[in-house]
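Chain by chain, the residues run as shown.
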Amino acid sequence: MLVLFGAGVLTGANTFGTPKSVLQVITVKWKADATAEQKAAAIDGVKKMAGEVPGLKNVWLKPIKVQPREYNNVIVMEFEDQAAFDKYADDPAHRAWEKSYLAIREESRTQDVTN
């Protein structure tokens, strides 16, 4: 009986992974004079960039909750591995996107994380 109970506990346990991908999480505070069109273009530009930067696997762009409160958006990008993340900073697609993004960004906070 104890063996059956133990098996039930083990099969009910969540499974999870510890991938070697790299996540970059950026919280953004837009400049007060940034227009809705400029903000939308910057966010859409992340999708365009993701299609051009080797090793950029996934993006998340629809914030559910943003902290601190005065921040407006969250951009999350997932890179295949540390090497892809390292190359991203100097990629021409990233540099092109950065021009429009930095022009309307007042401040941002970035966290990069992996396993």
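Scroll up to find the structure.
Since the model is a prediction, treat every value here as computed from it, not as a measurement. (Residues numbered from 1 in each chain as written. Predicted model: local features only at pLDDT ≥ 70, side-chain atom pairs only at ≥ 80, totals over all residues. Heavy atoms only, no water.)

Novice: An account of the packing of aromatic side chains is requested, with residue identities and associated values reported.
Specialist: This model, assessed by the stated rule, comprises five aromatic pairs. Their ring planes at 80° and their centres at 6.1 Å tell us that tryptophan 30 and tyrosine 101 sit as a pair that is edge-to-face. Here the residue tryptophan 30 occupies a position in strand β1 (residues 22-30), and tyrosine 101 occupies one in helix α4 (residues 92-104), the gap between them amounting to 71 residues. Aromatic ring contacts, followed pair by pair, group Trp30, Trp97 and Tyr101 into a single cluster. (Phe/Tyr/Trp six-rings, centres within 6.5 Å; stacked < 30°, edge-to-face > 60°. Helix = DSSP H or I, 4+ residues; strand = E, 2+ residues; numbered from the N terminus.)

Novice: Kindly report on the packing of helix α2 (residues 36-50) against α4, identifying the contributing residues and their values.
Specialist: As a packed pair, α2 and α4 sit with axes 9 Å apart at the nearest point and diverge in direction by 165°. Between α2 and α4, the angle falls in the class roughly antiparallel. The chirality of how α2 crosses α4 is left-handed. Listed contacts from α4 to Gln38, Lys39, Ala42, Gly45, Val46 and Met49 of α2 are Ala93, His94, Trp97, Tyr101 and Ile104. (Axes fitted to C-alpha atoms, helices over the stretch in contact; angles between N-to-C directions. Parallel < 35°, antiparallel > 145°, perpendicular 65-115°, else oblique. Left-handed = near helix turned anticlockwise from the far one by under 90°. Contact = heavy atoms within 4.5 Å.)

Novice: Requested: an account of the layout of surface pockets, with residues and values cited.
Specialist: The gaps left among the atoms become clear once a water-sized probe is rolled over them. Of the volumes computed, that of the largest pocket is approximately 170 Å³. Lining the largest pocket are 13 residues, with Gln24, Ile26, Tyr88, His94 and Glu98 sitting closest to its centre. A total of five residues in the lining of the largest pocket trace back to one element, the largest contributor, which is α4. (1 Å grid on protein atoms, 1.4 Å probe; cavity = no way out; pocket = protein on both sides within 12 Å on 5 of 7 lines; lining within 4 Å. Points joined across faces, edges and corners; volume = space filled by probe spheres on them.)

Novice: Talk me through α2; I want residue IDs and the actual numbers.
Specialist: Between its first and last C-alpha atoms α2 spans 22 Å; for 15 residues at 1.5 Å apiece the expected length is 21 Å, and the two agree. Buried within α2 we find Ala42, Ile43, Gly45, Val46, Met49 and Ala50. Angular distribution of buried residues about the axis of α2 spans 145°; they occupy a single face of the element. Residues Ala36, Glu37 and Lys48 are exposed on α2 and point more than 90 degrees away from its buried face. (Expected span 1.5 Å × (residues − 1). Buried < 20%, exposed > 50% of the residue type's maximum accessible area, 1.4 Å probe, protein only. Arc of directions from axis to C-beta.)

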